[in-house]
There are 2 protein chains.
Amino acid sequence: MSITLQMNQLDITAMFKALGDPTRLRIFEFLRACGAPVAVEESGDVRPLVGPTVGDICCHVTGNERVTSSISFHLKELRLAGLIAMERRGKNMICSVNPEAINLLAQYFGTTPSVGNSDCC
Amino acid sequence: MSITLQMNQLDITAMFKALGDPTRLRIFEFLRACGAPVAVEESGDVRPLVGPTVGDICCHVTGNERVTSSISFHLKELRLAGLIAMERRGKNMICSVNPEAINLLAQYFGTTPSVGNSDCC
DNA sequence: TAATCAGTTCGACAATACTAGAAATGTTAA
DNA sequence: TTAACATTTCTAGTATTGTCGAACTGATTA
């Protein structure tokens with residue numbers, strides 16, 4: 001069992017909640033900008049192949065060399081919301097976005113929901 | 001000065017934070033499903049032309065006939081985040097989504113951000 | 001103008017979330 | 001096998017957020 005997502009059923013509220021914190025949004029945008037490739041298992045789990053380490057992220061987001069517990073906490077929130085995946089590579093953990101989450105969110109805003117619902121207005 | 005948006009500079013973090021609460025997401029989805037038409041001022045302000053009242057929303061979301069202060073609170077949060085607009089119509093307030101916010105969010109997830117950023121990974 | 005309706009604001013309380021430092025874990029290098 | 005490195009977990013403190021009931025405001029109706 002991989003450490004990557006630990007959540008296969010994507011919950012849109014949890015995603016928004018996770019992205020609603022400025023630090024987490026910065027992390028997420030950084031990871032998106034990296035655009036590192038991922039492997040998708042048959043289970044649906046996503047594993048990063050390459051990508052920035054937690055230290056890289058911390059450095060980029062806080063300017064701090066030492067990894068803070070705060071960054072670790074926010075990465076966990078993003079991971080539990082299904083937005084990112086992480087995997088150990090030697091001493092480091094490498095990170096990536098979960099492309100399925102992006103697709104879900106793009107679809108959520110991109111499609112016009114059933115207009116003219118009769119039980120309102 | 002209209003009561004509608006009171007915020008012309010859309011902040012993506014604030015939007016995610018607002019949508020990260022289950023009650024507010026339900027309200028937002030209900031308003032989206034209604035798909036009521038809005039007027040867009042030259043200032044950029046959005047005014048609903050028709051749409052459900054606060055009472056309608058409360059009834060749909062909580063099943064409660066009386067409008068609760070909780071629903072009023074959540075509507076305010078959505079309004080301050082720029083996601084919805086409200087306007088008085090007689091005794092009632094009518095509500096609608098802000099289409100500009102939807103467009104912004106669709107664009108945010110729909111576009112691939114600059115891939116291959118050199119200062120990472 | 002008084003009463004009523006529709007919604008908002010206020011104040012207090014409980015629950016949740018973020019931060020920081022210290023201790024713990026897992027991995028590699030000496 | 002000890003030391004160092006990278007990161008997580010734990011604990012405690014503080015701040016923010018959501019909920020509830022009561023009081024308030026604005027608009028309409030009697």
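Computed from a prediction, not measured in an experiment: that's the story for all the values here.

Caption draft 1: Spatial organisation of the overall build of chain A. From N to C terminus, chain A includes 5 helices and 4 strands. In chain A, the order of α-helices and β-strands from amino to carboxyl end is α-α-β-β-α-α-β-β-α. Residue burial in chain A is summarised as follows: out of 121 residues, 35% are buried. Pairs at least 24 apart in sequence give 63% of the contacts found in chain A among residues at least 6 apart.

Caption draft 2: Structural context of the protein's contact with DNA strand D. The full set close to DNA strand D counts 22 residues, and T53, G55, S69 and S72 of chain A together with S69 of chain B are the nearest of them. Secondary-structure elements contributing two or more residues to the surface near DNA strand D are helix 3 (54-62), helix 4 (69-80) and strand 4 (92-97) of chain A together with helix 4 (69-80) of chain B. When residues in the surface near DNA strand D are grouped by element, the largest group, 5 residues, is from helix 4 of chain A. In terms of residue class, the surface near DNA strand D is made up of 7 nonpolar, 9 polar and 6 charged.

Caption draft 3: Structural context of the protein's contact with DNA strand C. By nearness alone, 22 residues border DNA strand C, and S69 of chain A together with T53, G55, S69 and S72 of chain B come closest of all. Put simply, the parts of the chain that give the surface near DNA strand C at least two residues each are helix 4 of chain A together with helix 3 (54-62), helix 4 and strand 4 (92-97) of chain B. Looking at the surface near DNA strand C element by element, the count peaks at 5 residues for helix 4 of chain B. Grouping the constituent residues of the surface near DNA strand C by class yields 7 nonpolar, 9 polar and 6 charged.

Caption draft 4: Representation of the pairing of strand 3 (residues 84-89) of chain A. All names here are of chain A. Summarising the sheet, strand 3 and strand 4 pair through 6 bridges and their orientation is antiparallel. Looking across to strand 4, one finds that R89 is bridged to N92. Linking two consecutive strands that pair antiparallel, namely strand 3 and strand 4, is a turn of 2 residues; a positive phi of about 65° is found at G90 within it.

Caption draft 5: Focus on the environment of A39 of chain A. Counting through the fold element by element, A39 of chain A comes out in strand 1 (residues 38-40). Taking the C-alpha atoms as reference points, A39 of chain A and L104 of chain A, separated by 65 residues in sequence, lie 18 Å from one another.

Caption draft 6: Looking closely at the packing of helix 2 (residues 22-34) of chain B against helix 3 of chain B. All names here are of chain B. Contact geometry of helix 2 with helix 3 gives a least axis separation of 10 Å together with a crossing angle of 120°. Taken together, the axis directions place helix 2 and helix 3 in an arrangement best described as oblique. In the crossing of helix 2 with helix 3, the sense of the turn from one axis to the other is right-handed. In this structure, helix 2 uses T23, R26, I27 and F30 to contact helix 3, whose residues at the interface are I57, H60 and V61.

Caption draft 7: Examining the nonpolar core more closely. L83 of chain A together with L83 of chain B are the most contacted members of the largest nonpolar core, which has 56 residues in total. With sequence-adjacent residues up to four places away left out, L83 of chain B is seen in contact with M15, A18, F28, L78, V97, N98 and A101 of chain B.

Caption draft 8: Spotlight on the environment of D45 of chain A. All names here are of chain A. For D45, the location among the structural elements is in the loop between strand 1 and strand 2 (46-48). The class of D45 is partly exposed, set by 19 C-beta atoms lying within 10 Å. Note: C-alpha distance between D45 and M93 (48 residues apart in sequence) is 17 Å.

Caption draft 9: Examining the confidence of the model for chain A more closely. Across chain A, pLDDT averages 88, with 85% of residues at or above 70. This stretch, residues 116-121 of chain A, has a pLDDT under 50; its non-local contacts, to residues over four places away or in other chains, come to 13 contacts.

Cut-off values and rules
- Throughout this description, residue numbers start from 1 for each chain and increase along the sequence as written.
- To label them, take the chains in the order written and letter them from A, then take the ligands in the order written and number them from 1.
- Whole-chain, interface and lining totals are the exception, using all residues; otherwise, since this is a predicted model, local features are given only for residues with pLDDT of at least 70 and side-chain atom pairs are given and counted only at 80 or more.
- Only DSSP runs of H or I covering at least 4 residues are called helices, and only runs of E covering at least 2 are called strands; the numbering of each starts at the N terminus.
- Neighbour density around each residue's C-beta defines its exposure: 20 or more other C-beta atoms within 10 Å make it buried, 12 or fewer make it exposed, and counts between make it partly exposed, where C-beta atoms are placed from the backbone.
- Here the contact rule is simple: place C-beta atoms from the backbone, and any two residues whose C-beta atoms are within 7 Å are in contact.
- Each residue receives a C-beta atom placed from its backbone. It is near a molecule or strand if this atom lies within 6 Å of it.
- Each residue is assigned to one of three groups, with Ala, Val, Leu, Ile, Met, Phe, Trp, Tyr, Cys and Pro labelled nonpolar, Asp, Glu, Lys and Arg labelled charged, and all others, Gly among them, labelled polar.
- Only strands that DSSP links by at least two bridges are regarded as paired with each other.
- Helix axes are fitted to C-alpha atoms over the stretch in contact, other axes to C-alpha atoms as well, and angles between N-to-C directions run from 0 to 180 degrees.
- Put simply, angles under 35 degrees are roughly parallel, angles over 145 are roughly antiparallel, angles from 65 to 115 are roughly perpendicular, and the rest are oblique.
- In a left-handed crossing the near helix is turned counterclockwise from the far helix by less than a right angle, and in a right-handed crossing that turn is clockwise.
- In these notes, a nonpolar core means any group of buried Ala, Val, Leu, Ile, Met, Phe, Trp, Tyr and Cys residues linked to one another through C-beta atoms within 7 Å.
- Confidence of the predictor at the level of single residues is captured by pLDDT, which takes values from 0 to 100.

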